[in-house]
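# Analysis of the macromolecular model
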Amino acid sequence: MKKTYKIEVDCANCANLMEDAARKTAGVQSATVNFMTQKMIVEFGEGREPKDVMKNVLDACKKVEPDCEIFL
């Protein structure tokens, strides 16, 4: 399952770091962060609950960029 989320990130480098952090999160099959459109596309693993996985993605991204925001 793929879902698109609106994000708020300050720079392209931070967006790349957030993308890497999201990809390493358990339950995420793939993740793409587009700085220009301020969107994150996440593909979830089979049988994973997006809501639960995204809480972990947000935590991982906050470690990289403390003031980033993902609108769940």
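In this report, we go over the structure that sits alongside the text. Predicted model, so just to flag it, every value in this text is computed and none were measured.

Basis of the calculations
Residues numbered from 1 in each chain as written. Predicted model: local features only at pLDDT ≥ 70, side-chain atom pairs only at ≥ 80, totals over all residues. Heavy atoms only, no water. Core = buried A, V, L, I, M, F, W, Y, C linked by side-chain atoms within 4.5 Å. Buried < 20%, exposed > 50% of the residue type's maximum accessible area, 1.4 Å probe, protein only. Helix = DSSP H or I, 4+ residues; strand = E, 2+ residues; numbered from the N terminus. Contact = heavy atoms within 4.5 Å. Pairing = 2+ DSSP bridges.

Among the nonpolar cores identified, the biggest contains 20 residues, and Met-18, Met-40, Val-42, Met-54, Val-57, Cys-61 and Ile-70 are the most heavily contacted of them. Listed by contribution, the elements that provide at least two residues to this core are β1 (2-8), α1 (12-23), β2 (28-34), β3 (39-44) and α2 (50-64). The residues contacting Met-18, other than those within four sequence positions of it, are Val-9, Val-33, Met-40, Cys-61, Val-64, Cys-68 and Ile-70.

With respect to the secondary-structure elements, Lys-51 resides in helix α2. According to the relative accessible area criterion, Lys-51 is exposed, its value standing at 61%. Sequence-wise, Lys-51 and Ile-7 are 44 residues apart; in three dimensions their C-alpha atoms are separated by 15 Å.

Along the polypeptide, Asp-52 turns up in helix α2. Residue class for Asp-52 comes out partly exposed when judged on its relative accessible area of 46%.

Burial along β3 is one-sided: the residues Met-40, Val-42 and Phe-44 are buried and none of Lys-39, Ile-41 and Glu-43 is. Summarising the sheet, β1 and β3 pair through five bridges and their orientation is antiparallel. Note on β3: the bridge partner recorded for Tyr-5 is Met-40. Pairing between β2 and β3: six bridges, direction antiparallel. Looking at β3, one finds that Ala-31 is bridged to Val-42. As consecutive antiparallel partners, β2 and β3 are separated by four residues, and within that stretch Gln-38 has a phi angle of approximately 60 degrees, a positive value.

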